[in-house]
Amino acid sequence: MEEEKKTPEREEEQALPVQELPTDIPAEVRQKLAEDLNEQATEDLKQDVREAEKEEANDEEVKANPEMLTKSRLLKLLVKKQYVKLREVTEEEQPADLAELLEELDENNRLVVFRLLKKDVATEAFAYMSDEARDDLVNAFSDVELVSAIEDMSLDDAADLLEDMPAGVVKRVLEKSSRQTRESLNKLLNYPESSAGSLMTPEYVRLQEMTVGDAFAAIRKQGENAETVYTCYVVERNRLLGVVSARSLLLSDPSTPIVDIMDDNVVTVKVTDDQEYVAREMQRYDFTAMPVLDNEGMFVGIITIDDAIDVLTDESTEDMQKMAAILPDDDATTYFGTSVWTHAKQRIPWLLILMLSATFTGMVTTHYEEAFVSLPLLVSFMPMLMDTA
C-alpha cells in the first residue's frame, strides 16, 4: 500500500496528547460518549480506520489534496482521543461537505462524531443530512440532545423534522422545548403537509416605518435569528406594507424614510397555497424569498429560495418515479427500501398493457407471414417501426 503522505498538519495531530471530552457537552451525553469510546470501541475504530484507508488509497481527490478531511482522518482523531482537534477541523468544513462526510460513517461512529461537534457546527450539518441519516441520529438521541437540536435549528427545518417523527416523540420534544419555540412549531405543524404554511418560517427581519439608519439597527438586532437579511419586510399591525432589499438600504442615505425606498407592490402567497405553486411563483419572479399571508391577509412568514429548490427537486423526482412506476409507498421509504412485491404490484398494470400490445403485434406479424417469406428484407424494418412507436 502506498505510504501516507505526512503534511505538517497531520504531523501536528500525531503529536497531540490524549484529550478529555469537551466540558460544554451535557453530562448525560458525556457519559454516553465515554461508553462509546471504551477500549473495545477503540479497537473497532482502528479496524474502521484501516478499511477507510484502503478505500481512500485509490481516491484521486484524496491524493491530490492531502490536507482534505477524510473519513480515515476523522476516525484517527477519535482513536487518538484528540477531541479538540476534531472540533477544529470539522469547524473549518462547509456544513454540506461535513454532512456528506458524516453519512459515510457507520451509524455508531456517526453518532459519536456528531456528539463531539460544536453545537452550531452540528446544527448546520444536521440540516444538510439525508432523511435516513437524520432518522438514525434522532432515534439514538436522548431527550436532551433532541430538544437542543430542535431549539438550535431554524423553525421551518425543525417543523419538517418533527413531521416525520412518531406522535409520542413530537409530544415529548414540544413539552421540553421553550414556550416560544413550542408555540411557533405548533402553528407550523397545524398547516397541511404540502401547503405553503408548512414550508414557511416566521423568522424574518421585520421593519416599521422608520429611517434607513434605524433599519440597520433593527437588522443587527434581528438578523442573527432571521432566515435571511437580504430582503426585509415593512410591517404595521401584522399587515405587510412593503419590501425593501439590503441593496436599497445600503445605497440610501441613513436619514431616508423606509417608505420612500420600499416596494409596496408586493407579490404574496397564502398559507393554503400548494408548495409547488409557491416554488413556481418564486421561479417566475426570480425571488429569493416569498412573503406568506394567512386567510385574513395577515403577514405570517416567508419561504426562502433553498426550500423552494427542494420542493421543485422533490416534485421532479416524484414525477419521474411515477412515470417509471418506482414511486415508494411513502416519503419515509426510499426506492431500495421498498419491497420487491411492492415494485411488482406497481408495475403489473404497465406489464399487462405491454403484454396486450405485444399480442396484437404478434397477430399482425402472423397475418403478414407469407409476405415476410417472399421478401425477407421486410423483417429488418420491424425493429425500426417498433422503436418509432
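First, a word on scope: everything that follows refers to the structure included in this document. (Residues numbered from 1 in each chain as written. Predicted model: local features only at pLDDT ≥ 70, side-chain atom pairs only at ≥ 80, totals over all residues. Heavy atoms only, no water.)

1. Considerations on the overall build of the protein
Secondary structure assignment for the protein yields 23 helices and six strands. Scaling as 2.2 N^0.38, a compact globule of 389 residues should have a C-alpha radius of gyration of about 21 Å, whereas the protein reaches 28 Å, well beyond that. With respect to the principal axes defined by its C-alpha atoms, the protein has extents near 90 × 65 × 45 Å. Expressed as a percentage of its 389 residues, the buried residues of the protein come to 39%. Summed over all atoms, the accessible surface of the protein reaches about 23300 Å², with 52% contributed by carbon and sulfur. In the protein, 39 side chains carry a positive charge and 82 a negative one; their mean positions are 5 Å apart. (Helix = DSSP H or I, 4+ residues; strand = E, 2+ residues; numbered from the N terminus. Rg over C-alpha atoms; globule rule 2.2 N^0.38 Å. Buried < 20%, exposed > 50% of the residue type's maximum accessible area, 1.4 Å probe, protein only. Areas by Shrake-Rupley, 256 points an atom, 1.4 Å probe, with all protein chains shown as cover. Lys, Arg positive; Asp, Glu negative; His and termini not counted. Charge placed at Lys NZ, Arg CZ, Asp CG, Glu CD.)

2. A few points about the side chain of Ser195
Mapped onto the secondary structure, Ser195 falls in the loop between helix 14 (179–189) and helix 15 (196–199). On the accessibility criterion, Ser195 (3% relative accessible area) is buried.

3. Looking at the sheet that holds strand 1 (residues 206–207)
Spatially, 1-2-3 is the arrangement adopted by the three strands of the open sheet, whose pairing is mixed. Across the chains shown, the open sheet's two edge strands, defined by having one partner strand only, are strand 1 and strand 3 (239–245). Alignment of strand 2 (residues 231–236) against strand 3, held across six bridges, turns out to be antiparallel. Bridged to Val234 within strand 3 is Gly242. (Pairing = 2+ DSSP bridges.)

4. Description of the nonpolar core
One finds Leu78, Leu102, Leu116 and Phe126 to be the most contacted residues of the largest nonpolar core, which totals 68 residues. Apart from residues lying up to four places away in sequence, Phe126 is in contact with Phe114, Arg134, Leu137, Val138, Phe141, Met153 and Leu161. Listed in part, the 14 residues of the second largest apolar core include Ile219, Cys232, Ile258 and Met262. (Core = buried A, V, L, I, M, F, W, Y, C linked by side-chain atoms within 4.5 Å. Contact = heavy atoms within 4.5 Å.)

5. Examining a nonpolar patch on the surface
Side chains of Leu375, Leu377, Leu378, Phe381, Met384 and Leu385 sit close together on the surface and give an oily, nonpolar patch of about 580 Å² of accessible area. Structurally, the position occupied by Met384 is in helix 23 (residues 382–388). By relative accessible area, which is 47% here, Met384 ends up partly exposed. (Patch = residues over 30% accessible without salt bridge, like charges linked within 9 Å, V, L, I, M, F, W, Y side chains within 5 Å. Salt bridge = Lys/Arg side-chain N within 4 Å of Asp/Glu carboxyl O.)

6. Some details on helix 19 (residues 275–285)
Listed in full, the buried residues belonging to helix 19 are Gln275, Val278, Ala279, Glu281 and Met282. For helix 19, the buried positions fall inside an angular range of 160° around the axis, keeping them on one side. Exposed side of helix 19, more than 90 degrees from the buried face: Gln283 and Arg284 are the residues found there. For helix 19, the N-terminal capping position is held by Asp274, with its side-chain oxygen 3.0 Å away from the main-chain nitrogen of Glu276. Downstream of helix 19 by one or two residues, Asp286 has phi in the positive range, about 60°. (Arc of directions from axis to C-beta. Polar contact = N/O pair within 3.5 Å; in protein donor to acceptor, adjacent residues only side chain to side chain.)

7. Quick notes on the pairing of strand 5 (residues 289–293)
Most of strand 5 sits out of view: five of its five residues are buried. Alternating residues of strand 5 divide into Ala289, Pro291 and Leu293 and Met290 and Val292, and every residue in both groups is buried. When strand 4 (residues 269–270) meets strand 5, the two strands line up parallel, connected through two bridges. Across the sheet, Lys270 pairs through a bridge with Leu293, a residue of strand 5. Where strand 5 meets strand 6 (residues 299–304), five bridges bridge the pair, whose relative direction is antiparallel. Note on strand 6: the bridge partner recorded for Leu293 is Phe299. The hairpin formed by strand 5 and strand 6 contains five residues between the paired strands, and Gly297 there has a positive phi angle of roughly 85°.

8. Details of the sheet that holds strand 5
Pairing between the strands of a sheet is mediated by backbone hydrogen bonds and can be parallel or antiparallel. Pairing is mixed across the open sheet formed by three strands, whose spatial order is 4-5-6. Among the strands making up the open sheet, the edge pair consists of strand 4 and strand 6.

9. Section: unusual backbone geometry
A positive phi angle, close to 65°, is found at Asn238, a residue other than glycine. Within the secondary structure, Asn238 sits in the loop between strand 2 and strand 3. By relative accessible area, Asn238 is classed as partly exposed at 36%. In this model, Asp286 sits at a positive phi of 60°, which is unusual for a non-glycine residue.

10. Remarks on the packing of helix 8 (residues 107–116) against helix 10 (residues 131–140)
Relative orientation of the contacting elements helix 8 and helix 10 amounts to 70°, with a least axis distance of 10 Å. On the basis of their axis angle, the class for helix 8 and helix 10 is roughly perpendicular. For the pair helix 8 and helix 10, contact is made by Glu107, Arg110, Leu111, Phe114 and Arg115 and by Ala133, Asp136, Leu137 and Ala140, respectively. Class assignment of the residues belonging to the contact of helix 8 with helix 10 gives a composition of five nonpolar, no polar and four charged. (Axes fitted to C-alpha atoms, helices over the stretch in contact; angles between N-to-C directions. Parallel < 35°, antiparallel > 145°, perpendicular 65-115°, else oblique. Nonpolar A, V, L, I, M, F, W, Y, C, P; charged D, E, K, R; others polar.)

11. Let's talk about the packing of helix 19 against helix 20 (residues 305–323)
Across the interface, helix 19 lies against helix 20 with an axial gap of 9 Å and an inter-helix angle of 120°. Regarding the angle of helix 19 to helix 20, the classification is oblique. For the pair helix 19 and helix 20, the crossing hand works out as left-handed. Facing helix 19, whose interface residues are Gln275, Glu276, Ala279, Arg280, Met282 and Gln283, helix 20 presents Ile305, Ala308, Val311, Leu312 and Glu315. In the contact of helix 19 with helix 20, the residues fall into six nonpolar, two polar and three charged. (Left-handed = near helix turned anticlockwise from the far one by under 90°.)

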